[in-house]
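A closer look at the structure
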Amino acid sequence: MLSLFGLLLGLGLLIVLTMRGFNLFITAPLCALLVALTNGIPFWQVADKVDFVHGYMAGFSGFVAAWFLMFLLGSLFGKLMEHTGAADAVALAIVKRLGHTRAVLAIVLACAVLTYGGVSLFVVAFSAYPMAVSLFKGANLPRRFIPAALALGSVTFTMTSAGSPEIQNWIPIPYLGTTPYAGWEVSLVVAAFMAVGGYYALMWMIKSAVARGEHFIARPTDPELSDKPLPHWLTGLIPLLVVLVTSFLLHDSLQQAALIIALAGGVVSLYLLNFRFLHNPAAATNEGVLGALMAIGNTAAVVGFGGVAKLTPAFSQVVDYMTRLPGPELIGAAVAVSAIAGLTGSASGGQVIALPEIAPTYLDRGVDAEQLHRVVAISSGALDSLPHNGYVVTTIRAICGESHQNAYWPVAVVSVLMPLFGVALAILLFQWF
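An account of the accompanying structure is given in this report. In this text, all values refer to a predicted model and were calculated from it rather than measured experimentally.

**Details of the overall build of the protein chain**
The number of helices and strands found in the protein chain is 18 helices and zero strands. Considered along the principal axes of its C-alpha atoms, the protein chain spans approximately 65 × 50 × 45 Å. Looking at the 433 residues of the protein chain, the share that counts as buried comes to 56%. Contacts in the protein chain between residues far apart in sequence, at least 24 positions, make up 79% of those at least 6 positions apart. Carbon and sulfur atoms make up 68% of the accessible area of the protein chain, which amounts to about 17900 Å² in all.

**As for the pattern of salt bridges**
Inspection of the entire model under this criterion finds six salt bridges. Between Glu-402 and Arg-143 there is a salt bridge, with its nearest N and O atoms 3.6 Å apart. Placement of the pair is Glu-402 in the loop between α17 (390–399) and α18 (404–432) and Arg-143 in the loop between α6 (121–139) and α7 (146–154), with a sequence separation of 259 residues. Taken as a pair, Glu-402 and Arg-143 share a single burial class, namely buried. Taking the shortest distance from any N to any O, the salt bridge between Lys-310 and Glu-357 comes out at 3.6 Å. Here Lys-310, found in the loop between α12 (281–309) and α13 (313–323), pairs with Glu-357, found in helix α15 (residues 347–364); they are 47 residues apart in sequence, far enough to count as distant. Under the relative-accessibility criterion, Lys-310 is labelled partly exposed at 29%. When salt bridges that share partners are traced, they join Arg-143, Arg-219 and Glu-402 into one network.

**Some thoughts on the side chain of Thr-395**
Locating Thr-395 in the fold gives a position in helix α17. The contact partners of Thr-395, leaving out residues within four places of it in the chain, are Ala-125, Pro-147, Leu-150 and Cys-400.

**Brief notes about the packing of aromatic side chains**
Applying the stated rule across the entire model yields eight aromatic pairs. Ring geometry for Tyr-181 and Phe-248: centres 5.1 Å apart, planes at 90°, overall edge-to-face. On the criterion of sequence distance, the pair formed by Tyr-181 in the loop between α8 (172–176) and α9 (184–211) and Phe-248 in helix α10 (residues 233–254) is long-range, its members being 67 residues apart. These aromatic residues form a ring-pair network of at least three members: Phe-43, Phe-52, Tyr-56 and Phe-60.

**Considering the layout of surface pockets**
A volume near 1200 Å³ is recorded for the largest pocket. Around the largest pocket, the lining is made up of 45 residues, and of these Phe-122, Ala-295, Asn-298, Thr-299 and Tyr-391 lie nearest the centre. Mapped onto the lining of the largest pocket, the elements with two or more residues apiece are α3 (52–83), α6, α11 (256–274), α12, α15 and α17. Ranked by the residues each element gives to the lining of the largest pocket, the list is headed by α12, at seven residues. Each residue belonging to the lining of the largest pocket can be placed in one class, and the counts come to 21 nonpolar, 20 polar and four charged.

**Some points on helix α5 (residues 103–116)**
Because each turn of an α-helix spans 3.6 residues, side chains separated by three or four positions end up pointing in the same direction. Under the 1.5 Å per step criterion, the end-to-end length of α5 is 20 Å for 14 residues, consistent within 8% with the ideal 20 Å. Burial analysis of α5 places ten of its 14 residues in the buried class, the great majority of the element. All of the buried residues in α5 are Ala-103, Val-104, Ala-106, Ile-107, Val-108, Ala-110, Cys-111, Ala-112, Leu-114 and Thr-115. Where α5 is buried, its residues contact α3, α4 (86–98), α6, α7, α9 and α10. With its phi angle positive at about 110°, Gly-118 sits one or two positions after the end of α5.

**A closer look at the environment of Thr-312**
Positionally, Thr-312 belongs in the loop between α12 and α13. For Thr-312, a relative accessible area of 1% puts it in the buried group. Dropping the residues within four chain positions of it, Thr-312 is found in contact with Ser-3, Leu-7, Val-35, Asn-39 and Ile-41. Among the polar contacts listed, one links the side chain of Thr-312 to the backbone oxygen of Ala-309, at a separation of 2.7 Å.

Calculation criteria
- Residues numbered from 1 in each chain as written.
- Predicted model: local features only at pLDDT ≥ 70, side-chain atom pairs only at ≥ 80, totals over all residues.
- Heavy atoms only, no water.
- Helix = DSSP H or I, 4+ residues; strand = E, 2+ residues; numbered from the N terminus.
- Buried < 20%, exposed > 50% of the residue type's maximum accessible area, 1.4 Å probe, protein only.
- Contact = heavy atoms within 4.5 Å.
- Areas by Shrake-Rupley, 256 points an atom, 1.4 Å probe, with all protein chains shown as cover.
- Salt bridge = Lys/Arg side-chain N within 4 Å of Asp/Glu carboxyl O.
- Phe/Tyr/Trp six-rings, centres within 6.5 Å; stacked < 30°, edge-to-face > 60°.
- 1 Å grid on protein atoms, 1.4 Å probe; cavity = no way out; pocket = protein on both sides within 12 Å on 5 of 7 lines; lining within 4 Å.
- Points joined across faces, edges and corners; volume = space filled by probe spheres on them.
- Nonpolar A, V, L, I, M, F, W, Y, C, P; charged D, E, K, R; others polar.
- Expected span 1.5 Å × (residues − 1).
- Polar contact = N/O pair within 3.5 Å; in protein donor to acceptor, adjacent residues only side chain to side chain.

Structure below.
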């Protein structure tokens, strides 16, 4: 009981401190230390016992070693899309074809195209926000729904779908021996369900708010779309296709390395096609590197916390309980990954912590690796979007300037509730077909 209490106390404190804006580089190891102290884990190596320092740093450094190049190239690709104006060009091309009358749909589709093309989730939010403000203003819609529109297009049906170059779709590959297109038939159905269901749920919430008298309220700090010349939207779309096509062609032979080559190809093609619009290459490169370090550092800090949590007796008991849930094994996998992703506030962190524990168990039981891959990917993108999630905090507060009280619940509907329905649908489809 003390082990479980210490684990829950550490996780609860991590959530509370993150929601209050504390830095994960400080809060994650401190909360992990609390877990260690309440579980009798020594601070430093004593005899043959695994200690806090080595347990935390093994999780932290292991994640960085495995995924640094993907984060770096992905961040550079996103920053070049941003600095050359290619991201704006692609998004504006979609917006112009749909118009202000379909403001929400235009933003969702613009974010979806950029995300599925390999642009970092945070870069997509920053790039699409100015257009979202302009569109919501033109349609006189309550601005507190902008974070939900950005989230629906970024962290739901695109992030965890088959073929997506986002790491949430690639992490299961080395553990399961699958490809990024694992379970693509079911993934296609689930993605369509989450996209359509999330869109209509969001529109219902917006219309209800408008009926209550809510409307757009401008702010002096609102960004304005600049008049700077932009490249043709095709020169922004082609690098996205380079990433997707390259990863498709090479994933069988190179597996995880295929994503590195695909993102590198995207960076090179983006630069060659749009170098005339890149006025400060050094600034774009520096921002990309810093962004990659912050993104992977924050995630690794949470993974380090999970590394300490894995040393506790309670963690083993919880995982054992989840893997023995009655019914199809895929349910146990979904529950385990969702719970860990929710507690850590990270889809990728939840997968990295859960997969080494659950993958061998389920594979030994004869669970289809492709089905397990897709269920793990989709379920990791559900409870990870609780209030303390890094993307949620950044998008609501830093980018959109809203409060959790006003903006979080629409975000929760599209990025928590819809993926939960989506993983349930995936399990049903895998059982039926």
